[in-house]
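Residues per chain, in single letters:
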Amino acid sequence: EGPRRDPGPRVRVAVALNPNAPPKALGTLAKDLEEGVRFAVAANPAAPPEALKGPFARAPEPTRLAVAQNPFARPEVLEDLAKDREPEVRRCVGGNPSAPPKVLDMLAKDRNPVVRFAVARNPSAPPEALAKLAKDNQRVHKDVSMPPIEVRFGAAMNPSCPPGVLTNLAKDPERSVRFAIAGN
(Lines give C-alpha, C1' and ligand atoms only; values in the text may rest on other atoms or scores of the structure.)
Protein backbone atom coordinates (compact mmCIF):
# COMPACT_ATOMS: atom_id res chain seq x y z
CA GLU A 1 0.00 0.00 0.00
CA GLY A 2 2.39 2.77 0.99
CA PRO A 3 5.06 3.59 3.53
CA ARG A 4 2.62 5.48 5.78
CA ARG A 5 0.55 2.33 6.21
CA ASP A 6 3.48 0.21 7.31
CA PRO A 7 2.82 -0.84 10.89
CA GLY A 8 6.37 -0.11 12.01
CA PRO A 9 7.68 3.46 12.15
CA ARG A 10 11.26 2.29 11.44
CA VAL A 11 10.42 1.55 7.81
CA ARG A 12 8.66 4.91 7.44
CA VAL A 13 11.63 6.72 9.02
CA ALA A 14 14.04 4.90 6.68
CA VAL A 15 11.99 5.95 3.66
CA ALA A 16 11.63 9.52 4.96
CA LEU A 17 15.42 9.82 5.34
CA ASN A 18 16.16 8.37 1.91
CA PRO A 19 17.25 11.16 -0.47
CA ASN A 20 15.97 9.03 -3.37
CA ALA A 21 12.47 8.56 -1.95
CA PRO A 22 9.74 9.65 -4.32
CA PRO A 23 8.44 13.18 -3.58
CA LYS A 24 4.89 11.85 -3.30
CA ALA A 25 5.96 9.39 -0.58
CA LEU A 26 7.76 12.16 1.32
CA GLY A 27 4.65 14.34 1.06
CA THR A 28 2.58 11.53 2.56
CA LEU A 29 5.14 10.86 5.30
CA ALA A 30 5.20 14.56 6.21
CA LYS A 31 1.66 14.03 7.53
CA ASP A 32 2.51 10.87 9.49
CA LEU A 33 1.19 10.58 13.03
CA GLU A 34 4.67 9.72 14.37
CA GLU A 35 6.77 12.77 15.16
CA GLY A 36 9.96 10.84 14.33
CA VAL A 37 8.73 10.23 10.80
CA ARG A 38 7.82 13.90 10.29
CA PHE A 39 11.26 14.87 11.68
CA ALA A 40 12.95 12.51 9.19
CA VAL A 41 11.11 14.16 6.29
CA ALA A 42 12.09 17.61 7.58
CA ALA A 43 15.73 16.52 7.83
CA ASN A 44 15.80 15.11 4.30
CA PRO A 45 17.41 17.70 1.99
CA ALA A 46 15.57 16.11 -0.92
CA ALA A 47 12.15 16.71 0.66
CA PRO A 48 9.95 18.62 -1.76
CA PRO A 49 8.84 22.10 -0.67
CA GLU A 50 5.24 20.89 -0.39
CA ALA A 51 6.32 18.48 2.36
CA LEU A 52 7.89 21.34 4.32
CA LYS A 53 4.94 23.70 4.39
CA GLY A 54 3.16 22.34 7.42
CA PRO A 55 2.45 24.27 10.61
CA PHE A 56 5.86 23.83 12.24
CA ALA A 57 5.46 26.53 14.87
CA ARG A 58 4.13 23.97 17.36
CA ALA A 59 6.31 21.06 16.27
CA PRO A 60 8.94 19.79 18.71
CA GLU A 61 12.24 21.66 18.59
CA PRO A 62 14.20 18.95 16.71
CA THR A 63 11.68 19.09 13.87
CA ARG A 64 11.74 22.91 13.79
CA LEU A 65 15.56 22.79 13.68
CA ALA A 66 15.52 20.31 10.80
CA VAL A 67 13.09 22.43 8.79
CA ALA A 68 15.00 25.65 9.58
CA GLN A 69 18.17 24.10 8.12
CA ASN A 70 16.53 22.53 5.08
CA PRO A 71 17.47 24.46 1.92
CA PHE A 72 14.14 23.54 0.35
CA ALA A 73 11.94 24.92 3.14
CA ARG A 74 9.37 27.37 1.84
CA PRO A 75 10.10 31.07 2.41
CA GLU A 76 6.93 31.54 4.46
CA VAL A 77 7.89 28.62 6.72
CA LEU A 78 11.36 30.10 7.26
CA GLU A 79 9.74 33.46 8.01
CA ASP A 80 7.59 31.84 10.71
CA LEU A 81 10.57 29.95 12.16
CA ALA A 82 12.61 33.18 12.22
CA LYS A 83 10.23 34.30 14.99
CA ASP A 84 10.71 31.11 17.03
CA ARG A 85 11.22 31.48 20.76
CA GLU A 86 14.33 29.25 20.64
CA PRO A 87 17.50 31.04 19.49
CA GLU A 88 18.88 27.79 18.05
CA VAL A 89 15.96 27.60 15.60
CA ARG A 90 16.45 31.26 14.63
CA ARG A 91 20.19 30.58 14.23
CA CYS A 92 19.45 27.77 11.79
CA VAL A 93 17.16 30.01 9.75
CA GLY A 94 19.84 32.73 9.78
CA GLY A 95 22.37 30.29 8.38
CA ASN A 96 20.05 28.87 5.73
CA PRO A 97 21.21 30.14 2.31
CA SER A 98 17.61 29.85 1.08
CA ALA A 99 16.22 32.23 3.70
CA PRO A 100 14.60 35.26 2.04
CA PRO A 101 16.47 38.58 2.30
CA LYS A 102 13.75 40.17 4.44
CA VAL A 103 14.06 37.29 6.94
CA LEU A 104 17.85 37.67 7.05
CA ASP A 105 17.45 41.44 7.55
CA MET A 106 15.13 40.78 10.48
CA LEU A 107 17.49 38.21 12.02
CA ALA A 108 20.44 40.59 11.62
CA LYS A 109 18.70 42.61 14.37
CA ASP A 110 18.01 39.59 16.62
CA ARG A 111 18.78 40.07 20.31
CA ASN A 112 20.92 36.92 20.34
CA PRO A 113 24.47 37.33 18.98
CA VAL A 114 24.65 33.69 17.87
CA VAL A 115 21.71 34.32 15.54
CA ARG A 116 23.35 37.48 14.19
CA PHE A 117 26.63 35.60 13.69
CA ALA A 118 24.81 32.98 11.58
CA VAL A 119 23.38 35.73 9.37
CA ALA A 120 26.82 37.38 9.12
CA ARG A 121 28.29 34.13 7.76
CA ASN A 122 25.40 33.43 5.37
CA PRO A 123 26.50 34.06 1.75
CA SER A 124 22.90 35.05 0.95
CA ALA A 125 22.82 37.84 3.55
CA PRO A 126 21.83 41.17 1.99
CA PRO A 127 24.59 43.81 1.78
CA GLU A 128 22.70 46.13 4.17
CA ALA A 129 22.55 43.39 6.80
CA LEU A 130 26.27 42.68 6.39
CA ALA A 131 27.09 46.38 6.76
CA LYS A 132 25.14 46.47 10.03
CA LEU A 133 26.69 43.25 11.31
CA ALA A 134 30.18 44.48 10.44
CA LYS A 135 29.72 47.02 13.26
CA ASP A 136 28.44 44.49 15.79
CA ASN A 137 30.82 44.38 18.78
CA GLN A 138 29.09 41.61 20.69
CA ARG A 139 31.04 38.40 21.19
CA VAL A 140 29.87 34.89 20.44
CA HIS A 141 30.98 31.73 22.22
CA LYS A 142 30.95 29.26 19.35
CA ASP A 143 32.93 26.57 21.14
CA VAL A 144 33.84 26.36 24.80
CA SER A 145 37.37 25.28 23.88
CA MET A 146 38.00 28.48 21.92
CA PRO A 147 37.93 32.14 22.88
CA PRO A 148 34.83 34.13 21.93
CA ILE A 149 34.71 35.83 18.55
CA GLU A 150 32.93 38.95 17.41
CA VAL A 151 29.79 38.91 15.29
CA ARG A 152 31.64 41.10 12.80
CA PHE A 153 34.17 38.26 12.35
CA GLY A 154 31.38 36.39 10.54
CA ALA A 155 30.86 39.31 8.17
CA ALA A 156 34.60 39.49 7.52
CA MET A 157 34.57 35.80 6.52
CA ASN A 158 31.52 36.12 4.27
CA PRO A 159 32.46 35.87 0.56
CA SER A 160 29.45 38.06 -0.28
CA CYS A 161 30.51 40.91 1.98
CA PRO A 162 30.62 44.16 -0.03
CA PRO A 163 34.12 45.54 -0.74
CA GLY A 164 33.41 48.80 1.13
CA VAL A 165 32.45 46.88 4.26
CA LEU A 166 35.58 44.74 3.97
CA THR A 167 37.69 47.89 3.64
CA ASN A 168 36.26 49.18 6.92
CA LEU A 169 36.75 45.81 8.60
CA ALA A 170 40.40 45.80 7.47
CA LYS A 171 40.92 48.59 10.02
CA ASP A 172 39.24 46.66 12.82
CA PRO A 173 41.06 46.71 16.17
CA GLU A 174 40.57 42.93 16.54
CA ARG A 175 43.30 40.96 14.84
CA SER A 176 40.96 37.97 14.30
CA VAL A 177 38.61 40.14 12.22
CA ARG A 178 41.47 41.44 10.09
CA PHE A 179 42.76 37.88 9.73
CA ALA A 180 39.32 36.71 8.53
CA ILE A 181 39.41 39.29 5.75
CA ALA A 182 42.73 37.92 4.54
CA GLY A 183 41.06 34.60 3.84
CA ASN A 184 38.13 36.23 2.07
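Look up a bit, the structure's there.
Rules and cut-offs
Note on numbering: residues in each chain are counted from 1, in written sequence order. Totals for whole chains, interfaces and linings use all residues, but because this is a predicted model, local features are given only for residues with pLDDT of at least 70 and pairs of side-chain atoms are given and counted only at 80 or more. Note: side-chain values were computed over all heavy atoms of the structure, leaving out hydrogens and water. Runs of H or I in DSSP of at least four residues are treated as helices and runs of E of at least two as strands, each being numbered from the N terminus. Burial classification: accessible surface area is computed with a 1.4 Å probe over protein chains only, and a residue below 20% of its type maximum counts as buried, one above 50% as exposed, and the rest as partly exposed. The criterion used for residue contact is that any of the two residues' heavy atoms lie within 4.5 Å. Surface accessibility in these figures is a Shrake-Rupley result with a 1.4 Å probe; residues are shielded only by whichever protein chains are displayed. The charged-residue count follows a simple rule in which Lys and Arg add positive charge and Asp and Glu add negative charge, with His and chain termini not counted at all. Here the site of a charge means NZ on Lys, CZ on Arg, CG on Asp, or CD on Glu. Under the rule applied, a polar contact is a pair of N or O atoms within 3.5 Å (in protein, one hydrogen donor and one hydrogen acceptor; residues adjacent in sequence only if both atoms are side-chain atoms). Lines fitted to the C-alpha atoms define the axes, with helices restricted to the stretch that makes contact. Angles between their N-to-C directions range from 0 to 180 degrees. Orientation is classified from the angle alone, with under 35 degrees giving roughly parallel, over 145 giving roughly antiparallel, 65 to 115 giving roughly perpendicular, and any other angle giving oblique. Crossing handedness: left-handed means the near helix sits turned counterclockwise from the far one by under a right angle, and right-handed means the same turn made clockwise. As a working rule, the residues Ala, Val, Leu, Ile, Met, Phe, Trp, Tyr, Cys and Pro are called nonpolar, Asp, Glu, Lys and Arg charged, and the rest polar, with Gly in that last group. When a carboxyl oxygen of Asp or Glu lies within 4 Å of a side-chain nitrogen of Lys or Arg, that pair is called a salt bridge.

(A) Broad picture of the overall build of the protein. For the protein, the count of helices and strands is 12 helices and 2 strands. Of the regular secondary structure in the protein, the N- to C-terminal order runs α-α-α-α-α-α-α-α-α-β-β-α-α-α. On the principal axes, the C-alpha backbone points of the protein span a range of 65 × 30 × 30 Å. By residue count, 43% of the 184 residues in the protein fall in the buried class. Long-range contacts, defined here as pairs at least 24 residues apart, represent 44% of the contacts in the protein between residues at least 6 apart. A total accessible area of about 10000 Å² is found for the protein, and carbon and sulfur atoms account for 57% of it. Here the protein holds 28 positive side-chain charges and 21 negative ones, and the gap between their average locations is 2 Å.

(B) Looking closely at the side chain of Asp84. Position of Asp84 relative to the elements: it lies in the loop between α5 (75-81) and α6 (87-95). Its relative accessible area of 8% is what places Asp84 among the buried residues. Only 2.6 Å separates the side chain of Asp84 from the side chain of Arg64, close enough to count as a polar contact. Polar side-chain contacts of Asp84 include one of 2.8 Å to the backbone nitrogen of Glu86. Once you skip the residues sitting within four places of it in the chain, Asp84 turns out to touch Arg64, Val89 and Arg90.

(C) Representation of the environment of Ala51 within the structure. Structurally, Ala51 can be placed in the loop between α3 (35-43) and α4 (61-69). For the pair formed by Ala51 and Ala118, sequence separation is 67 residues and the distance between their alpha carbons is 25 Å. Contacts of Ala51, omitting those with residues within four sequence positions, involve Leu26, Gly27, Ala30, Val41 and Phe56.

(D) Highlighting the packing of α4 against α6. At a minimum axis separation of 7 Å, α4 and α6 run at an interaxial angle of 15°. It follows from the interaxial angle that α4 and α6 lie roughly parallel. Of the two possible hands of crossing, α4 and α6 adopt the one that is right-handed. Contacts between α4 and α6 pair Glu61, Arg64, Leu65, Ala68 and Gln69 from the former with Glu88, Val89, Cys92 and Val93 from the latter. A per-class count over the contact of α4 with α6 returns 5 nonpolar, 1 polar and 3 charged.

(E) Layout of the pattern of salt bridges. This model, assessed by the stated rule, comprises 11 salt bridges. Residues Arg12 and Asp32 are paired through a salt bridge, measuring 2.7 Å at the closest nitrogen-oxygen approach. Residue Arg12 is located in helix α1 (residues 9-17), and its partner Asp32 is located in the loop between α2 (23-29) and α3; the two are separated by 20 residues in the primary sequence. Accessibility expressed as a relative area gives 6% for Arg12, which makes it buried. Asp32 sits in the buried class, given a relative accessible area of 4%. For Arg74, the salt bridge is made with Glu76, and the minimal N-O distance between the two is 3.6 Å. Judged by its relative accessible area of 25%, Arg74 is partly exposed. Glu76 sits in the partly exposed class, given a relative accessible area of 42%. Ionic contacts of the salt-bridge type, sharing partners, join the residues Arg139, Glu150 and Glu174 into one network.

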